[in-house]
Amino acid sequence: MRALVISGGGSKGAFAGGVAQYLMEGLGYHYDLFLGTSTGSLLISHLALQKIEKIREVYTNVNQDSIFSNCPFVIQKKYGVDNIGINHWNVLKNFYRGGKTFGESHNLLQLIRNTLTEEEFYALKHGPKDIVVTVSNLSLNQVEYKSIKEFDYDEFCEWIWISCNYTPFMSLVRKNGCEYADGGLGSMVPIEEAVRLGATEVDAIILHTEMTHFNRLPSRNAFALLTSMFAFMLDRIEKQNIRIGKYVANHSDAIINFYYTPTVLTTNSLIFDKDKMTSWWASGYDYALSKNVDQSEIEPI
């Protein structure tokens, strides 16, 4: 059984789309299992449907308005670099309405429903492939994996949305008596789950460089500090997931093929820029192409 695993990474998901496109179209790989966390969960249903051009078009045209029903920050460009500043009015408005987070992301839920039709959902649900998204149950302090086989259309769209809710900047969702948030808070790279579900070969797309290549600039405001803190924590979680995934794969005789980003794409994955994301999709495709060409040219010892 072959599995495709896509990590979390916000706007960097465009790079993962390019890598997946080459693996599926360039190499002709067929996957039995698709697992995604956060931004990865947005991609996998369409990849399983092999509607790559459709999801590429959606991904490379998404912007802040597509995601946020109440955006808690503003984008400020200084010296050619995008930074985020607090949108004080929107944050206060959200708290006044009783919100527990700085912003709300209900537009993203609507985008998911507009993009994944009921016909497409049921074609996947009753098909041979399994599509699994990762969510974090904050109430029970555990990671949960939601398979398309177990839910109806509306519920599964909600689980995809929940998997992407990067709290405290996006919505905190109460469902089945529990509070849920971004799957990346517990499992950024669900390799272990892929192996547990029976995968013997895993292609894992990691939306991060293999080695740390940058030092963050000093935080300019509270939001910049929060995003830096979360990026640090998610980086630690990601590295731990990879180590555990390698260990489990080793003991299950499974093979893992890693696809890291070769360069730092962005230091703030909450900023969605059409030109950059279009470029990242193309660079993901080219990177996967070059990686597989390089490997095929290595002569056996």
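The rules behind each value
- Every residue gets a number counted from 1 within its own chain, in the order that chain's sequence is written.
- Thresholds applied to this predicted model are a pLDDT of at least 70 for local features of residues and 80 or more for the giving and counting of side-chain atom pairs; totals over whole chains, interfaces and linings are not thresholded and use all residues.
- As a rule here, side-chain values cover all heavy atoms of the structure and leave hydrogens and water aside.
- By convention in these notes, a salt bridge is any Lys or Arg side-chain nitrogen within 4 Å of a carboxyl oxygen on Asp or Glu.
- Summary of the burial criterion: residues with accessible area below 20% of their type's maximum are buried, those above 50% are exposed, and those between are partly exposed, where the area comes from a 1.4 Å probe applied to protein chains only.
- By nonpolar core we mean a set of buried residues, namely Ala, Val, Leu, Ile, Met, Phe, Trp, Tyr and Cys, connected to one another through side-chain atoms within 4.5 Å.
- Residues are treated as being in contact if the distance between any of their heavy atoms lies within 4.5 Å.
- pLDDT expresses, on a scale from 0 to 100, how confident the predictor is about each individual residue.

Asks: What exactly am I supposed to notice about the pattern of salt bridges here?
Replies: Two side chains bearing opposite charge may form a pair once their charged atoms approach each other closely. Within the structure shown, the criterion is met by 13 salt bridges. Put simply, Glu144 and Lys146 hold a salt bridge, and the shortest N to O gap is 2.8 Å. No difference in accessibility class separates Glu144 from Lys146, as the two residues are buried. Arg236 serves as the salt-bridge partner of Asp235, at 2.6 Å between the closest nitrogen and oxygen. Residues joined by salt bridges that share partners form a network here, namely Arg2, Glu201 and Asp203.

Asks: I'm lost on the nonpolar core in this one. Help?
Replies: Considering soluble globular proteins, one finds that nonpolar side chains tend to be buried as a cluster. By size, the foremost hydrophobic cluster in this structure holds 90 residues, and its most contacted members are Leu4, Phe34, Leu47 and Ile205. When residues no more than four places from it in sequence are discounted, the contact partners of Leu4 are Ala20, Leu23, Tyr31, Leu33, Phe34, Leu35, Leu47, Asp203 and Ile205.

Asks: How do you make sense of the confidence of the model for the protein when you look at a structure like this?
Replies: Close reading of the predicted structure is inappropriate where its pLDDT is low. When pLDDT is averaged along the protein, the result is 89, and 92% of the positions lie at 70 or above. Note that pLDDT drops below 50 for residues 297–301; the model gives that stretch zero contacts with residues more than four away or on any other chain.

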